[in-house]
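# Architecture and fold: a report
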Amino acid sequence: MKSDELFALLRRRGFLWPSAEIYGGAQGLFDYGPLGWGLKRRLEDAWTQWFVGLSDDYYRIEPAELLPEAVVRASGHLEHFTDLEVACGSCHSVFRADTVLERYRPEGVDGMSPEQVGELLTTYQVRCPSCGKTELSVPRPFNMMFGVDFGPTGGERAYLAPETAQASYLAFPRMWEVGRKALPLGIASVGKVYRNEIAPRQVLFRMRAFTQAELQIFFDPTTFAPPFASVASEPLPMLRAERRTAGEAAPELVTVRDLVDTGLLPAFYAYHLAVSYRFYRDVLGHPANSIRLYEKSDKERAFYNKIQYDIELHLDSLGGYRELGAVHYRGDYDLTRHAQGSRKDLSVKTEDGRRLLPHVLELTFGLDRNLWALADRHLAVDGERTVFRLPPYLAPVPLGLFPLLKKEHGLFARELQHRLQGAGVPADFDDAGSIGKRYARADEAGTPFAVTVDGESVADGPNRGTVTLRERDSKAQVRLGFEGLLARVAPTLRLPSAPVDAR
Ligand code: GAP
């Protein structure tokens, strides 16, 4: 489905819509409705269960979303968290430099200086996308953080968090004190982050307020070696920077063991790249051949990273591969900077008595982009119907409960809803319109199971107490009693867990 069609469908069904819609919408801001909220919650739960579940020493925290200026100065965001913007000398419109150069330089301008990008604008005689004149300025860095007054006017300055990661670095010394005082220690945070994107676009892809789920693993680089037996023979679709430079665009399959044995990646990194890949394939249900692991070169990497692979998915709606998450090896950059900024010793004592500033491995995941990717890959028109083939444990509504006739079967259906909810299966009651229409609504919402209560359910006879279960994907129908219904539905709603051999 094209991006516009997909967005129209999600909007019509109340998954999401532009914020302040009655005022014409606010660029880069979106609100989620009941189905979108439900899907996002399930996605967040799936991420938490998988990644925080990797170790008993990984925890979730809930930090504040405002960062004092001293924090973003130390982290490097005041200085480096910039995009290049260009202004048109004729109509004064402002654009992101990489966006106006996209046609000529699809690989982007990461790592290039403003002057080098300016030369590209001249070489290609790039025209202003608004007025068509060739009067674009030399690019200048534009800081993407939102600064706010903190306290009464004239008081301190604070910034809306541009990433959840910083809060985990700030929490490290406290978490060390309250925890087991052992490495690795994982601190995860899921929360809203804010970026003043120059050119918000592609619906949930470049937003100004969005949700990140990030796990920061603090570790000792001399000892961190997750046992990776369970992933060693997994072939990963790698697109290494070196191969890209040589003109290759297709990923090559390399097993985790080979990545480590040939020295391409340290074992701790390869292990986490593999469990992240599996999350996309096995939990989110994306086909293996739609995923690639895209290495960022020295020049393209974010300023804090030593190794960076982006997890990319091929999306029809956006016409190519798009970054949805990443695995960042940040070295000791963050704790070094915050130790300097706060003038606190953030080193810890290892079990063998050394003092060490832990290194950080970051697993980052954008919830909104991933929600869009689920819709792109799993929502499709299938003949007469539109079906959102979400894995059942991600469905915002797991089960639709439909009394065939409002009056005659409503009470039984209500009682069944109560019993199902008591057994941990939330059921959505819908008695409006024909059964066909109710199925259609449930299919679009991604509801994997629909249960119809009819005359046989309530009348004396061999089928008393039974209902018809209809499965979304196969449309198969089967007659079941309460226990049979639970046995079929409940196991499919359990969230998957990551391999346990790293514990
Ligand atoms: N802590 C590292 C960090 O923030 P990032 O690549 O800037 O790295 C991580 O962002 C993830 O956040 C991305 O992989 C993407 O899923 C999501 N993301 C980044 N910018 C976004 C935006 N403007 N709109 C929606 N999601 C975004």
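Note: the structure precedes this text.
In short, a report on the structure. Note that the structure is predicted; figures quoted are calculated from it, not measured.

### Some words on the sheet that holds strand S13 (residues 252-255)
Reading across the sheet, the nine strands line up as S3-S10-S11-S19-S16-S15-S14-S12-S13 and stay open at both edges, with mixed pairing between neighbours. Unpaired on one side and paired on the other, strand S3 (58-61) and S13 mark the two borders of the sheet. Looking at each pair of strands side by side, their axes are set apart by 30° on average, direction ignored. Bridge count for strand S16 (residues 320-331) against strand S19 (residues 359-366) is six bridges, and the pairing is antiparallel. Bridge pairing in S19 links Val-327 to Leu-363. Where helix H2 (residues 34-51) meets the sheet, it contacts S3, strand S10 (185-194), strand S11 (209-219) and S19, and its direction lies at approximately 5° from that of S11.

### Details of the packing of helix H1 (residues 3-12) against helix H12 (residues 367-378)
With their axes 11 Å apart at the nearest point, H1 and H12 run at an angle of 105° to one another. Between H1 and H12, the crossing angle belongs to the class labelled roughly perpendicular. Where H1 abuts H12, its residues Ser-3, Leu-6, Phe-7 and Leu-10 lie against Trp-372, Ala-375 and Asp-376. Across the contact of H1 with H12, the residue classes break down as five nonpolar, one polar and one charged.

### A few points about the nonpolar core
Counting 82 residues, the largest nonpolar core has Leu-16, Trp-47, Tyr-269, Phe-279 and Trp-372 as its most contacted members. With twelve residues, helix H10 (residues 267-283) is the single largest residue contributor to this core. Two domains each donate at least three residues to this core, and these are domain 1 (3-79 + 144-380) and domain 3 (387-493). If near-sequence neighbours (up to four positions away) are discounted, Trp-47 is found in contact with Val-52, Ala-188, Val-190, Ala-213, Glu-214, Leu-215, Phe-279, Leu-363 and Phe-365. Membership of the second largest hydrophobic core comes to 19 residues, among which are Ala-413, Ala-427, Val-489 and Leu-493.

### Examining the pattern of salt bridges
Considering all chains together, one arrives at 43 salt bridges under this definition. Here Glu-234 ties to Arg-278 by a salt bridge, and the two come within 2.7 Å at their closest N and O atoms. One end of the pair, Glu-234, is in the loop between S11 and strand S12 (235-239); the other, Arg-278, is in helix H10, with 44 residues separating them in the sequence. Side by side, Glu-234 and Arg-278 carry an identical accessibility label, which is buried. Three or more residues joined by partner-sharing salt bridges are found here, namely Asp-382, Arg-385, Arg-389, Asp-443, Arg-470, Arg-472 and Asp-473.

### What to know about helix H13 (residues 406-422)
Taking 1.5 Å as the rise per residue, H13 with 17 residues should run 24 Å; its terminal C-alpha atoms sit 23 Å apart, in good agreement. Where H13 is concerned, the buried positions are His-409, Gly-410, Ala-413, Leu-416, Gln-417 and Leu-420. Looking at the buried side of H13, the elements it contacts are strand S22 (399-403), strand S23 (427-429), strand S24 (449-453), helix H15 (455-458), strand S25 (467-471) and helix H16 (482-489). Of the residues trailing H13, Gly-424 is marked for its positive phi of about 85°.

### Quick word on the site of the ligand
Around the ligand lies a shell of 21 residues, among which Glu-163, Met-207, Glu-214, Glu-323 and Glu-362 are the nearest. Its free accessible area being 560 Å², the ligand has 93% of it covered by the protein chains. For the shell around the ligand, the secondary-structure elements that each account for two or more residues are S11, S16 and S19. Examining the composition of the shell around the ligand, we find that five residues originate from one element, S16, more than from any other. Counted by class, the shell around the ligand contains seven nonpolar, five polar and nine charged residues.

### Focus: the sheet that holds S24
Taken together, the five strands give an open sheet; going across it, the order is S23-S22-S24-S25-S26, and neighbouring strands pair in mixed fashion. In this open sheet, the two edge strands, each paired with only one partner strand, are S23 and strand S26 (477-480). Adjacent strand axes in the sheet meet at a mean angle of 25°, parallel and antiparallel pairs treated alike. Note: S22 against S23, three bridges, orientation parallel. The residue bridging Leu-401 from the neighbouring strand is Phe-429, located in S23. Sheet strands touched by helix H14 (residues 435-445): S22, S24, S25 and S26. Its angle to S22, the strand with the most contacts, is close to 170°. Relative to the sheet, H16 contacts S22, S24, S25 and S26, its axis offset from that of S25 by approximately 15°.

Cut-offs and rules
- Along each chain, numbering runs from 1 in the same order as the chain's sequence is written.
- It should be noted that, the model being predicted, local features are given only for residues of pLDDT at least 70 and side-chain atom pairs only at 80 or more, the latter also being counted only at that level, while totals for whole chains, interfaces and linings use all residues.
- With hydrogens and water stripped out, all remaining heavy atoms of the structure feed into the side-chain values.
- Strand pairing requires that DSSP identify at least two bridges connecting the strands.
- Helix and strand definitions follow DSSP, with helices as H or I runs of at least four residues and strands as E runs of at least two, each counted in order from the N terminus.
- The axes used here are C-alpha line fits, helices contributing only the stretch in contact, and every angle between their N-to-C directions lies in the interval 0 to 180 degrees.
- The contact criterion used throughout is that any non-hydrogen atoms of two residues lie within 4.5 Å.
- Any angle between 65 and 115 degrees counts as roughly perpendicular, while under 35 counts as roughly parallel, over 145 as roughly antiparallel, and the rest as oblique.
- Each residue gets one label: Ala, Val, Leu, Ile, Met, Phe, Trp, Tyr, Cys and Pro are nonpolar, Asp, Glu, Lys and Arg are charged, and the others, such as Gly, are polar.
- Side-chain atoms within 4.5 Å are what join buried Ala, Val, Leu, Ile, Met, Phe, Trp, Tyr and Cys residues into a set we call a nonpolar core.
- The rule is simple: take the accessible area with a 1.4 Å probe, protein chains only, and divide by the maximum for that residue type; under 20% is buried, over 50% is exposed, in between is partly exposed.
- As annotated, the domain borders come from an automatic or database domain assignment.
- Whenever a carboxyl oxygen of Asp or Glu lies within 4 Å of a side-chain nitrogen of Lys or Arg, that contact is scored as a salt bridge.
- Here the expected span of a helix is defined as 1.5 Å times the quantity of residues minus one.
- Residues are classed as near a molecule or strand on a simple rule: at least one heavy atom within 4 Å of it.
- Per-residue and other accessible areas were derived by the Shrake-Rupley procedure at a 1.4 Å probe size, with only the shown protein chains allowed to occlude residues.

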